[in-house]
Amino acid sequence: MMTAQRPLIIVVDDEQAIRDFLCDLLSDEGYQSIGCHDAREAFEIVQESQPALVITDLWMEARYAGYELLKRIRNTSAISGTPVILYAADQRFLHENSQSLQALNCAPLHKPASVDEIVAMIRRLIGAPQVLP
């Protein structure tokens, strides 16, 4: 009998369509996902579930809410090592803050990104789901 290990990924975006798209993509690729509509909800769920990865939008309920979520994760010892992808349409922010994002061990992803780019980044950070005999 084969059992699958499906890493959990938290998807944070205030736009329902983007959350749904990413969660569906993750499911198709063999990952589990939980969608969150804001940074506050996401932080609580990340603390509770200790996921393999967080994908967060930059701008949500507040300007730079995704960046603040990243900093909160990094400042909470139990989850500080959780990989984070900051998914952002604000190219200038990503460019101007590239050093601080690197220091926070964050993978920036320009929005919109292709399915191949998203999947490649996820696999680079946490690998592909494993199927065990």
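See the structure shown above.
The shown structure was predicted, so the numbers you read here are calculated from the model rather than taken from an experiment. (Residues numbered from 1 in each chain as written. Predicted model: local features only at pLDDT ≥ 70, side-chain atom pairs only at ≥ 80, totals over all residues. Heavy atoms only, no water.)

Q: Teacher, can you tell me more about the nonpolar core here?
A: Nonpolar side chains in soluble globular proteins tend to be buried together. Counting residues in each nonpolar core, the largest one holds 26 residues, and the members touching the most others are Ile10, Val12 and Ile73. Contributions of two or more residues to this core are made by strand S2 (8-12), helix H2 (39-49), helix H3 (65-74), strand S5 (84-88) and helix H4 (91-96). Membership of the second largest hydrophobic core comes to 19 residues, among which are Ile18, Cys23, Tyr31 and Ile85. (Core = buried A, V, L, I, M, F, W, Y, C linked by side-chain atoms within 4.5 Å. Buried < 20%, exposed > 50% of the residue type's maximum accessible area, 1.4 Å probe, protein only. Helix = DSSP H or I, 4+ residues; strand = E, 2+ residues; numbered from the N terminus.)

Q: What is the right way to read helix H6 (residues 115-126) from this model?
A: An α-helix turns once per 3.6 residues; consequently, residues spaced three or four apart project the same way. Over its 12 residues, H6 extends 16 Å from the first C-alpha to the last, a length consistent with the 16 Å expected when each residue adds 1.5 Å. Along H6, the residues classified as buried are Ile118, Val119, Met121 and Ile122. One side of H6 holds all its buried residues, which, seen down the axis, span an arc of 160°. In this structure, H6 carries Asp116 and Arg124 as exposed residues pointing more than 90 degrees from its buried face. Turning to H6, the residues buried within the fold contact S2, helix H1 (16-28), strand S4 (53-57), S5 and strand S6 (106-110). Positive backbone phi, at 80°, marks Gly127, one or two positions downstream of H6. (Expected span 1.5 Å × (residues − 1). Arc of directions from axis to C-beta. Contact = heavy atoms within 4.5 Å.)

Q: Help me understand the environment of Glu41 in this model?
A: Its location among the elements puts Glu41 in helix H2. A residue is classified by how much of its surface remains accessible, and Glu41, at 26% relative accessible area, is partly exposed. Glu41 sits 29 residues away from Val12 along the chain, and the two C-alpha atoms are 8.8 Å apart.

Q: Where do I start with the sheet that holds S4 in this structure?
A: Whenever strands of a sheet pair, they do so through backbone hydrogen bonds, lying parallel or antiparallel. Read across the sheet, five strands follow the order S3-S2-S4-S5-S6 without closing on themselves; strand pairing throughout is parallel. The open sheet terminates on both sides in strands that have one partner only, identified here as strand S3 (32-36) and S6. On average, adjacent strands in this sheet sit at an angle of 20° to one another, irrespective of strand direction. Bridge analysis of S5 against S6 gives five bridges, and the strand direction is parallel. Counted as the bridge partner of Ala88 is His110 from S6. Sheet strands touched by H6: S2, S4, S5 and S6. Its angle to S6, the strand with the most contacts, is close to 175°. (Pairing = 2+ DSSP bridges. Axes fitted to C-alpha atoms, helices over the stretch in contact; angles between N-to-C directions.)

Q: Sorry, what's going on with the packing of aromatic side chains here?
A: Ring pairs (aromatic) are described by centroid distance and by the angle formed between their planes. This structure, assessed with the given rule, holds three aromatic pairs. When the centroid spacing of 4.7 Å and the interplanar angle of 25° are considered together, the rings of Tyr64 and Phe93 count as stacked. With Tyr64 in the loop between S4 and H3 and Phe93 in helix H4, the pair connects residues that are 29 residues apart, well separated along the chain. Judged by its relative accessible area of 24%, Tyr64 is partly exposed. By relative accessible area, which is 7% here, Phe93 ends up buried. Ring plane angle 75° and centroid distance 5.3 Å describe the contact between Tyr67 and Phe93, whose orientation is recorded as edge-to-face. With Tyr67 in helix H3 and Phe93 in helix H4, the pair connects residues that are 26 residues apart, well separated along the chain. Accessibility assignment for this pair places Tyr67 and Phe93 in one class, buried. Here the aromatic cluster, defined as three or more aromatic residues joined through ring pairs, consists of Trp59, Tyr64, Tyr67 and Phe93. (Phe/Tyr/Trp six-rings, centres within 6.5 Å; stacked < 30°, edge-to-face > 60°.)

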